[in-house]
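# Summary of structural features
For reference, the chains in residue letters:
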Amino acid sequence: MAPEILRYEKYDAKADLWSVGAVLYEMAVGKPPFRATNHIELLKKIDMSKGIKFPDEDPQAQSRAQAAGEDLKPVPSDVKKLIRSLLKRIPAERCSFDDFFGSTAMAKSKFPRPAP
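An account of the accompanying structure is given in this report. Just so you know, these numbers come straight off a predicted model, no measurement behind them.

What counts as what
- Each chain has its residues counted from 1, following the order in which its sequence is written.
- At least 70 in pLDDT is required for a residue's local features to be given in this predicted model, at least 80 for side-chain atom pairs to be given and counted, and no such filter applies to totals for whole chains, interfaces and linings, which use all residues.
- Excluded from the side-chain calculation are hydrogens and water; included are all heavy atoms of the structure.
- Secondary structure counts use DSSP, requiring at least four H or I residues in a row for a helix and at least two E residues in a row for a strand, with both numbered from the N terminus.
- Three labels apply to residues, based on accessible area from a 1.4 Å probe with only protein chains included: buried if under 20% of the type maximum, exposed if over 50%, partly exposed otherwise in between.
- Residues count as neighbours in contact if any of their non-hydrogen atoms are within 4.5 Å of one another.
- Only Phe, Tyr and Trp rings are paired, with Trp represented by its six-membered ring, and only when their centres lie within 6.5 Å; those with planes under 30 degrees apart are stacked, over 60 edge-to-face, the remainder tilted.
- Here a salt bridge means any side-chain nitrogen of Lys or Arg lying within 4 Å of a carboxyl oxygen belonging to Asp or Glu.
- What makes a nonpolar core is a set of buried Ala, Val, Leu, Ile, Met, Phe, Trp, Tyr and Cys residues whose side-chain atoms join them at distances within 4.5 Å.

### Notes on the overall build of the protein chain
- Counting its regular elements, the protein chain contains seven helices and zero strands.
- Ordering the α and β elements of the protein chain from the N terminus gives α-α-α-α-α-α-α.
- Dimensions of the protein chain, computed from C-alpha atoms along their principal axes, come out at roughly 45 × 40 × 20 Å.
- Taken over 116 residues, the protein chain has a buried fraction of 32%.
- In the protein chain, 58% of the contacts between residues at least 6 apart in sequence involve partners at least 24 apart.

### Here we look at the environment of Ser 77
- If you trace the backbone, Ser 77 turns up in helix α5 (residues 77-86).
- Along the chain, Ser 77 and Ala 105 lie 28 residues apart, while their C-alpha atoms are 8.7 Å from each other.

### What to know about the packing of aromatic side chains
- With the rule as written, the count across this model stands at three aromatic pairs.
- Between Phe 100 and Phe 101, the ring centres sit 4.9 Å apart and the planes meet at 70°, which makes this aromatic pair edge-to-face.
- A residue is classified by how much of its surface remains accessible, and Phe 101, at 53% relative accessible area, is exposed.

### Points about the pattern of salt bridges
- Enumeration according to the criterion identifies seven salt bridges in this entry.
- Linking Glu 57 and Lys 80 is a salt bridge whose minimum nitrogen-to-oxygen distance equals 3.1 Å. Highlighted residues: Glu 57 in the loop between α3 (39-48) and α4 (59-67) and Lys 80 in helix α5, separated in sequence by 23 residues.
- Lys 80 gets classed as buried once you look at its relative accessible area, which sits at 10%.
- Each of Asp 56, Glu 57, Lys 80 and Arg 84 takes part in one network of salt bridges that share partners.

### Things to note about the nonpolar core
- Trp 18, Phe 34, Ile 46, Ile 52, Phe 54 and Leu 87 are the most contacted members of the largest nonpolar core, which has 15 residues in total.
- Elements with a minimum of two residues in this core: α2 (14-29) and α3.
- Once residues within four sequence positions are removed from consideration, Ile 52 is found in contact with Tyr 25, Pro 33, Phe 34, Glu 57, Arg 84 and Leu 87.
- Cys 95, Phe 100, Ala 105 and Met 106 belong to the second-largest nonpolar core, a separate cluster that totals seven residues.

Here's what the structure looks like:
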């Protein structure tokens, strides 16, 4: 849920873009970008975050995976860039729908597109 919704602020379609970013992160990494047991805790975690981290960028996560005999698959840089642009706390800083659909990650994806 987008931070502006959690704060009971006015929101627009950019809240949906936050949700897309959260879903893409979970698809790429296998877990949500922020975990909490309630809305208050979720908002605190989002607000305290210093940016989105991916397991393949975190030496501790790499060590844990190695110790467990797991292989961390790297997330492509264009996908990371897209997710980070979607998970901006301030809606005005979040990418637009045009930016999203025009991103390199989407251009390289295999999602079907309508004919121009």
